[in-house]
Amino acid sequence: MFGELSHEVEIDVPAGDAWELYSSLQLGKVVQEGLDMLEKFELVEGDGGVGTVLQITLVPTPGGEPMIYKEKFTKIDNDKRIKEAEVVEGGFLDLGFTLYRVCFEILEKEKDSCLVKLKIEYDVKEEAASNASLVTIKPLEGIASVTTSYLLKMKNANANAN
């Protein structure tokens, strides 16, 4: 069973500035500092390009275990400003999913504004179809909120420095 969830946010910063954050390992650091649900973000291999593997540890729910998984950057297109990462170990794969992919796309709206599209694509085995209800857009909404605040703070800091 295939599914998809998405979220969009407009940010008053140039698309290039947003892409600079979303396309880099800095994204994980910004998100870790700004989101309570992310306990740890570790670089397992790579330099931030395609093939890079991260290990992500989410804060455990009360009385639960932390969710630990590895994700791999499978696509980074600097021209189209698209980045995709797939879970390759643990996490949703342990719950019967055969695919769990997160996609980021940055679209230029005007000179100083952009649209950030965030999407989750997933596929779950029929025998685990009830686990599809565990997929939520909330983590991507959190990422969008944290990155928007960060980008606007950087924009204002740069404006004040000039």
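Now for a look at the structure at hand.

Here's the deal with the packing of helix α2 (residues 26-34) against helix α3 (residues 138-161)
Between α2 and α3, the least distance of the axes is 9 Å, while the angle of their chain directions is 100 degrees. With respect to each other, α2 and α3 are oriented roughly perpendicular. Only Ile143, Val146, Thr147 and Tyr150 of α3 make contact with α2, whose side of the interface consists of Gln26, Leu27, Val30, Val31 and Gly34. A breakdown of the residues in the contact of α2 with α3 according to their chemical character gives 6 nonpolar, 3 polar and no charged.

Looking at the nonpolar core
Counting 42 residues, the largest nonpolar core has Tyr22 and Ile143 as its most contacted members. Of the residues forming this core, the biggest block, 6 residues, is contributed by strand β7 (residues 113-124).

Examining a negative patch on the surface
Taken together, the side chains of Asp12, Asp17, Glu20, Glu110 and Asp112 define an acidic patch exposed on the protein surface. Topologically, Asp17 is positioned in helix α1 (residues 15-22). Taking the relative accessible area as the measure of exposure, Asp17 reaches 39% and is therefore partly exposed.

Thoughts on the pairing of strand β3 (residues 53-58)
By the criterion of burial, β3 is predominantly enclosed, with 5 of the 6 residues buried. Alignment of strand β2 (residues 38-45) against β3, held across 6 bridges, turns out to be antiparallel. Within β3, the position partnered with Phe41 by the bridge is Ile56. Relative to strand β4 (residues 68-77), β3 is paired through 5 bridges, and the arrangement is antiparallel. Paired with Leu54 across the bridge in β4 is Glu71.

Criteria and thresholds
- All residue numbers here refer to positions counted from 1 along the written sequence of the relevant chain.
- Local features in this predicted model are restricted to residues of pLDDT 70 or higher, and side-chain atom pairs are both shown and tallied only at a pLDDT of 80 or more, whereas totals for entire chains, interfaces and linings draw on every residue.
- Calculation of side-chain values draws on the structure's entire complement of heavy atoms; hydrogens and water are dropped beforehand.
- To get an axis, a line is fitted to the C-alpha atoms, and for a helix only the part in contact is used. The angle between two axes follows their N-to-C directions and goes from 0 to 180 degrees.
- The numbering of helices and of strands both runs from the N terminus, where a helix is a DSSP run of H or I of at least 4 residues and a strand a run of E of at least 2.
- The scheme is simple: roughly parallel for angles under 35 degrees, roughly antiparallel for over 145, roughly perpendicular for 65 to 115, oblique for anything else.
- Any pair of residues with heavy atoms lying within 4.5 Å of one another is described as a contacting pair.
- Three classes are used: nonpolar for Ala, Val, Leu, Ile, Met, Phe, Trp, Tyr, Cys and Pro, charged for Asp, Glu, Lys and Arg, and polar for all others, with Gly counted as polar.
- Buried Ala, Val, Leu, Ile, Met, Phe, Trp, Tyr and Cys residues form a nonpolar core when they are joined through side-chain atoms within 4.5 Å.
- A 1.4 Å probe rolled over the protein chains alone gives each residue an accessible area, and that area as a share of the maximum for its type sets the label: buried under 20%, exposed over 50%, partly exposed in between.
- Nonpolar side chains (Val, Leu, Ile, Met, Phe, Trp, Tyr) are joined into patches within 5 Å and like charges within 9 Å, using only residues with over 30% relative accessible area and no salt bridge.
- Every accessible area reported is derived by Shrake-Rupley at a probe size of 1.4 Å, with residue values counting cover from the shown protein chains alone.
- A pairing counts as a salt bridge when a side-chain nitrogen of Lys or Arg comes within 4 Å of a carboxyl oxygen of Asp or Glu.
- Charge assignment in this entry is limited to Lys and Arg as positive and Asp and Glu as negative, and neither His nor the chain termini are counted.
- A single reference atom marks each charge: NZ on Lys, CZ on Arg, CG on Asp, CD on Glu.
- Strand pairing follows a simple DSSP-based rule, namely that at least 2 bridges must link the two strands.

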